[in-house]
Amino acid sequence: MTTSTSYPVLQVEHLTMHYTTRKGVVKAVEDVSFSLNKGEALGLVGESGCGKTSVALTILRLLPENAQFLGGHVYFFRDGSDEAHVRRALGKPVKILLNGREHQGRLLEVNRAQLVLETQLNGRSQQIKLGRSDITHLGVDLTALSDEEMRPIRWKGISMIFQAAMNSLNPVYKVGDQLIEAIQTHMPLSLPEARERVAQLFQLVGLDRQLMDRYPHEYSGGMKQRAVIAMALACDPDIIIADEPTTALDVIVQDKILREMRQIQKKLNMSMIYISHDIAVIAEVADRVGVMYAGSLVEFGPSEPIFKSPIHPYTKALMSAFPSIKGEKVKLTALPGEPPDLIKPPSGCRFHPRCPYATEICEREVPQFIEHKPNQYAACWNPLT
Amino acid sequence: MVALQTQTKTEILVRVENLRMLYPVATGVFARARSFIHAVDDISFDINRGEIFGLIGESGCGKTTTGKLLVRLITPTSGHIYMRVAQDPSTDSQGEQFVDIATLEGRALKAFRRNVQMIFQDPYESLNPRMTIFDIVSEPLSIHGIGSIYEREERVAELLSLVGLTPPESFLFRYPHELSGGQRQRVAIARAMILNPSFIVADEPTSMLDVSIRTGVMNLMLDLREEFGISYLYITHDLAVARYMCDRIAVMYLGKIVELGPTEEVIQNPLHPYTRALISAVPIPDPTVERQPIEIKGGVSKPIDPPPRCRFYERCPIATERCAHSDHPPLEDKGNGHFAACYEI
Ligand SMILES: Nc1ncnc2c1ncn2[C@@H]1O[C@H](COP(=O)(O)OP(=O)(O)OP(=O)(O)O)[C@@H](O)[C@H]1O
Ligand SMILES: Nc1ncnc2c1ncn2[C@@H]1O[C@H](COP(=O)(O)OP(=O)(O)O)[C@@H](O)[C@H]1O
Ligand code: SF4
Ligand code: SF4
Ligand SMILES: [Mg+2]
Ligand SMILES: [Mg+2]
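Residues numbered from 1 in each chain as written. Chains lettered and ligands numbered in written order. Predicted model: local features only at pLDDT ≥ 70, side-chain atom pairs only at ≥ 80, totals over all residues. Heavy atoms only, no water.

**Section: the overall build of chain B**
The test is simple: Each helix is a run of H or I in the DSSP string that is no shorter than four residues. Each strand is a run of E no shorter than two, and both are numbered from the N terminus. In what follows, a contact means two residues having at least one pair of non-hydrogen atoms within 4.5 Å. Throughout, the Shrake-Rupley method with a 1.4 Å probe supplies accessible areas, and for residues the shown protein chains are the sole cover considered.
Scanning chain B from N- to C-terminus turns up 11 helices and 12 strands. Taken along its principal axes, the extent of the C-alpha atoms in chain B is 70 × 55 × 50 Å. Of the contacts formed within chain B by residues at least 6 apart in sequence, a portion of 65% connects residues at least 24 apart. Total accessible area on chain B is roughly 15200 Å²; 50% of this is exposed by carbon and sulfur atoms.

**Notes on the interface of chain B and chain A**
So the rule is basically this: For any pair of parts, buried area is found by adding up, for both, the accessible area (1.4 Å probe) each one loses once the two are put together. Should a side-chain nitrogen of Lys or Arg be within 4 Å of a carboxyl oxygen of Asp or Glu, the pair is scored as a salt bridge. Between N or O atoms, a polar contact is any pair within 3.5 Å; within protein, one atom must be a potential hydrogen donor and the other a potential acceptor, and residues adjacent in sequence are included only when both atoms are from side chains.
Facing 40 residues of chain B, the contacting portion of chain A comprises 38 residues. Across the chain B/chain A interface, buried area totals approximately 3600 Å², and carbon plus sulfur atoms make up 58% of it. Considering only the surface of chain B that becomes buried against chain A, Ser212(B), Arg243(B) and Pro285(B) emerge as the three largest contributors, covering 19% of it. The interface formed by chain B and chain A contains 4 salt bridges. Across the contact surface, chain B and chain A share 20 residue pairs in polar contact (both at pLDDT 80 or more).

**A few points about the pattern of salt bridges**
Here is the rule we go by: Working definition: with a 1.4 Å probe on protein chains only, accessible area under 20% of the residue-type maximum means buried, over 50% means exposed, and in between means partly exposed.
Summed over the entire model, instances satisfying the criterion amount to 39 salt bridges over all chains. With its nearest N and O atoms 3.2 Å apart, the salt bridge here joins Arg132(A) to Glu83(A). Of this pair, Arg132(A) sits in the loop between β8 (124-131) and β9 (135-141) while Glu83(A) sits in helix α2 (residues 83-89), and the two are 49 residues apart along the sequence. Among the residues examined, Glu83(A) registers a relative accessible area of 36% and is labelled partly exposed. Ionic pairing is found between Arg225(B) and Asp247(B), a salt bridge with its closest N-O pair at 2.9 Å. You can see Arg225(B) sitting in helix α7 (residues 211-228) and its partner Asp247(B) sitting in the loop between α8 (239-245) and β9 (248-253), a full 22 residues away along the chain. Look at Arg225(B) and you get buried, because its relative accessible area is 13%.

**A few points about the site of ligand 4**
All names here are of chain B. What counts here: A molecule or strand has a residue near it when one of that residue's heavy atoms lies within 4 Å. Whether a set of points on the 1 Å grid over the protein atoms alone is a cavity depends on a 1.4 Å probe fitting there but being unable to get out, while an open set qualifies as a pocket with protein on both sides within 12 Å along at least five of seven lines; lining residues are those with an atom within 4 Å of a point. To decide whether a molecule occupies a pocket or cavity, check its atoms: if more than half lie within 2 Å of the grid points, it is inside. All residues other than Ala, Val, Leu, Ile, Met, Phe, Trp, Tyr, Cys, Pro, Asp, Glu, Lys and Arg, Gly among them, are scored as polar; the first ten of these are nonpolar and the last four charged.
Taken together, 13 residues form the shell around ligand 4, and within it Cys310, Cys316, Cys323, Cys342 and Glu344 come nearest. With respect to the pocket detection grid, ligand 4 is positioned in the largest cavity. Across the shell around ligand 4, the residue classes tally to 11 nonpolar, 1 polar and 1 charged.

**Topic: the site of ligand 1**
Residues and elements named next belong to chain A. Close to ligand 1 lie 17 residues; Ser48, Gly49, Lys52, Thr53 and Ser54 are nearest. Measuring from an oxygen atom of ligand 1, one finds a side-chain N or O atom of Ser48 at 2.8 Å. Protein coverage of the free-state accessible area of ligand 1, which is 640 Å², stands at 70%. Counting only elements with at least two residues in the shell around ligand 1, the list comes to β1 (8-21), β2 (24-37) and α1 (52-60).

**Quick notes on the coordination of the magnesium ion (ligand 5)**
All names here are of chain A. Definition in use: Here the term donor refers to an N, O or S atom within 2.8 Å of the metal (or 3.2 Å for Na, K and Ca), and because water is left out of the atoms, sites may appear incomplete.
For the magnesium ion (ligand 5), the protein coordination sphere consists of Thr53 (OG1) and Gln163 (OE1), at 1.9 to 2.2 Å. Taken together, the residues Thr53 in helix α1 and Gln163 in the loop between β10 (158-161) and α4 (175-186) connect sequence positions 110 residues apart. Assessed through its relative accessible area of 44%, Gln163 is described here as partly exposed.

**A word on the environment of Pro245(A)**
Residues and elements named next belong to chain A. Structurally, Pro245 can be placed in the loop between β11 (239-243) and α7 (251-268). Along the chain, Pro245 and Ala164 lie 81 residues apart, while their C-alpha atoms are 7.5 Å from each other. Leaving out residues up to four positions away in the same chain, Pro245 has contacts with Gln225, Met261, Tyr274 and Ile275.

**Things to note about the sheet that holds strand β5 (residues 96-100) of chain B**
Residue and element names in this part refer to chain B. What counts is decided by this rule: Any two strands are treated as partners once DSSP identifies two or more bridges connecting them. Lines fitted to C-alpha atoms define the axes here, with helix axes fitted over just the stretch in contact, and angles between the N-to-C directions of these axes take values from 0 to 180 degrees.
Pairing is antiparallel across the open sheet formed by 4 strands, whose spatial order is β2-β1-β4-β5. In the strand order of this sheet, the two ends are held by β2 (35-48) and β5, each with one partner. In this sheet, neighbouring strand axes are inclined to one another by 20° on average, regardless of whether the strands run parallel or antiparallel. Packed on one face of the sheet, helix α1 (residues 63-70) meets β1 (12-25), β2 and β4 (78-86) and runs near 60° to β2.

Here is the structure:
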C-alpha cells in the first residue's frame, strides 16, 4: 500500500520483450508497467502462458538466447548513501528521490558532496546538481547495466525463486552443501561461516538444521520448497520474486509455507513479487495485485478494489470464474473462447474477442494503461465502474 | 447379484463395500516379509443415480486408485463393487442388474466396461497423439463393434457439438497436439460419453486447465448430468471445485475415508480433525477474509504397512490414549447422513 513512509524499490516502465521462434515471434511481454514498494507484497496473477515468468526474467535480465528485449526501463532503488549503488549508477539513466520529488535523467558525475544529473526540460538538456545528503533514494535503470554490473544485483538486490525450482535441486549433493556453494559464490564467506549462515537460513524457513546433511530425495516436496526459499534469502536481498512458489504442493503445506513466507517478509521488511495463477493465493498474500492477460498487464492496484470492484472486464471475468469454499454458492460464468496465441495476438485490446463489453474501438486501438480510480490502473476503453 | 431396495427418489447406482487395494513394495534386498502400500484400505460408500460424488484429499491418499478400481482398470485385493449395469446392450434401464464387478474377467469385464468411462487429469497424456479426434472419440464404438462407419461419424459429430467443439467438422480430422488443453479435455469427455455411460469417473479433470477454461469444462459436466442423468465419481484435491461440482463428498486420508456427507455440510461443518485442518488451509479468493488455520503436525506419509490404529493418530491434535490402543475408528453416521471416522466426535 502506498503510504507516506513507503517508497519504491522497483519501478518497471513500458517493458517489452518478445521471443523469436520458428513459428514466429511470441509477443510475451507488451508494454508492462508497475511499481513495487518497500516491504510490500505484490501479486502478479494470470493464466498459463500470459507472460508472468517472462516479466520476471526480463526484470532480472535472465533471458534465453531467443529473447529480444525491445524496450522499457527497470529502476532498481537503493538508499542514496549506498556507495556501491551510486557508483554503479554513474553514466546510467537514474531516478532520484529528493525531498519527496522525483528527478529523472542520466547521472553524469558523482562526488562527495553532490550528484550531477543531466535532465531534459522542454526538449532541452540541462544539468542539475543535487546535494548528496538530501538524496533519499536512487534508482538505476537495470536495462542499462552490463552483464558484469548486473551480477551483484541478482542475489543481493533481487533474488528469484524459480518456478518448479524444488525439482532442480541436484540429487547427488546434500542440500546444505548446495546452499553453501551458492552462498560462497555470492558472498565472501569462509566455509564455517557459510555453514553457519545456511544453518540460520534453515531455521528461518522452518527446517531442522540436521537436514543440511541430507539429500534431496530424503526431503518431502514442502521441505524442498523451504530449502529453495532459504537459498533465495541467502544474501539478504531487497526484493524476492517468487514464481509459483507453492503450486505443486498440497493445500496444508502450501498454506504453512505461504504464511511463513509472509512472516519472514514482514520480519525482514523485504519486498516481494508473488507470481501465481491462483487468485485465491494472491488474495491471501498480496497488498497490491497486477493482472496479466496475453502478455499485457491489464489491471494493477490495491488488492481489495481489484477483487471487489475491478475495472478491467478480464479481471472481473477471472474473479467470477473462481469457486470458493466461503460465501454463497453461485453459478460460475465461463468466458467464451481461449487465451490467444501470442504469435498472432488479436489487434487492439488483446482481450477483445472474448470481452462482453467490447466496442468497435477495442478491435482497432490498444487501450492505454492509465489510472481510472485512485491508485487503480487499467488498460480498457470501456472501464467498469 | 444382491437384491437392493429400489426407491424412486434415490436409486443406488454404485455400492462399494470394504474395498481394498494393496500394492506390494520391495523394502530392501534382505527384507523377508513383503510390505504393502495400503493405497485403498477398506472403504465403503454408495453413489446414487444422477449424483456427483466427490472424492477429495491430498496427493497419495488413494483417490486415483479408487477411481481405477471403480472402472476396473485394476482388480481390488478384496471387497465388492456392486454396480447397476445393462446386462444386454439392447435392454434399457429396466433390464439392469446389480452386479459385483470387483472380480469380473474376460468377456464379462469387457461388457461391463461399456457402462463406465474414466476421464483423466492430464489431457496431454491421455489422448493418443497419433490418432485423429474422430478416431479417439469413436474408438469405444469400434472396440464394441457398434454402428457403421457412417453412423459412427454422425455420432461423433453429435458428441463434439454436445461438448462445445463446434463446428464438429473442423475438429474431426485434427490431432490432439493441434488443440488446447481445454479442447482436449472436451474431446476426452466426448469419448467418455459416446457409449451413453451411466457412470463416469473423472480424475481431476480440470486441475490442469486454466481458470477461464476450467469453468467451461465444469459447467459442461454439470449440464451433461442434468441432461442425461449421468453419475460421476469426481476426484479432486481442490475443495472449492468439489463444493461447486459435488452433491456429496468423501474425504480420504492414507487410504481411508475419514469423513463423508453432503458437500455443503462437510465443508461448512467439518467433524473430523483432518477435514477441519484441510478446510482451514484452503485459501479464500477474497482479500478481506481472515482465516484461522488449524495447525497439524508433520506431513502426509506413505501408508506402508500402517499400524492398525487411527491413520491420523501421529498428526492428530486431539488424539487420546484410547486412539493409541484402538483400531482405526469406523465411519459412523453422526446425523443427517454426515459420517466421520473418529472416536472423539
Ligand atoms: N524460451 C522461450 N522461447 C519461446 N517462447 C517462450 C519461451 N518462454 C516462454 N515462451 C512463451 O512466452 C509466453 C509467456 O510465457 P511465460 O512462461 O512467461 O508465461 P507464464 O505466465 O509464466 O505461464 P505459466 O503460468 O504457465 O508459468 C508463452 O506464450 C510461452 O509459450
Ligand atoms: N501402481 C502402483 N504401485 C504401487 N503403489 C501405487 C501404485 N499406484 C498408486 N500407488 C500408491 O498408492 C497410494 C495412493 O495413490 P493414488 O491413488 O494415486 O493417490 P491420489 O490419486 O489420491 O493422489 C500412494 O501411496 C501411491 O504412491
Ligand atoms: S478495451 Fe474493450 S475489449 Fe478490451 S477489455 Fe476493455 S471493453 Fe473489453
Ligand atoms: S480417532 Fe483419535 S487419533 Fe483418530 S482422528 Fe479421532 S481423535 Fe484423532
Ligand atoms: Mg511461469
Ligand atoms: Mg491422483
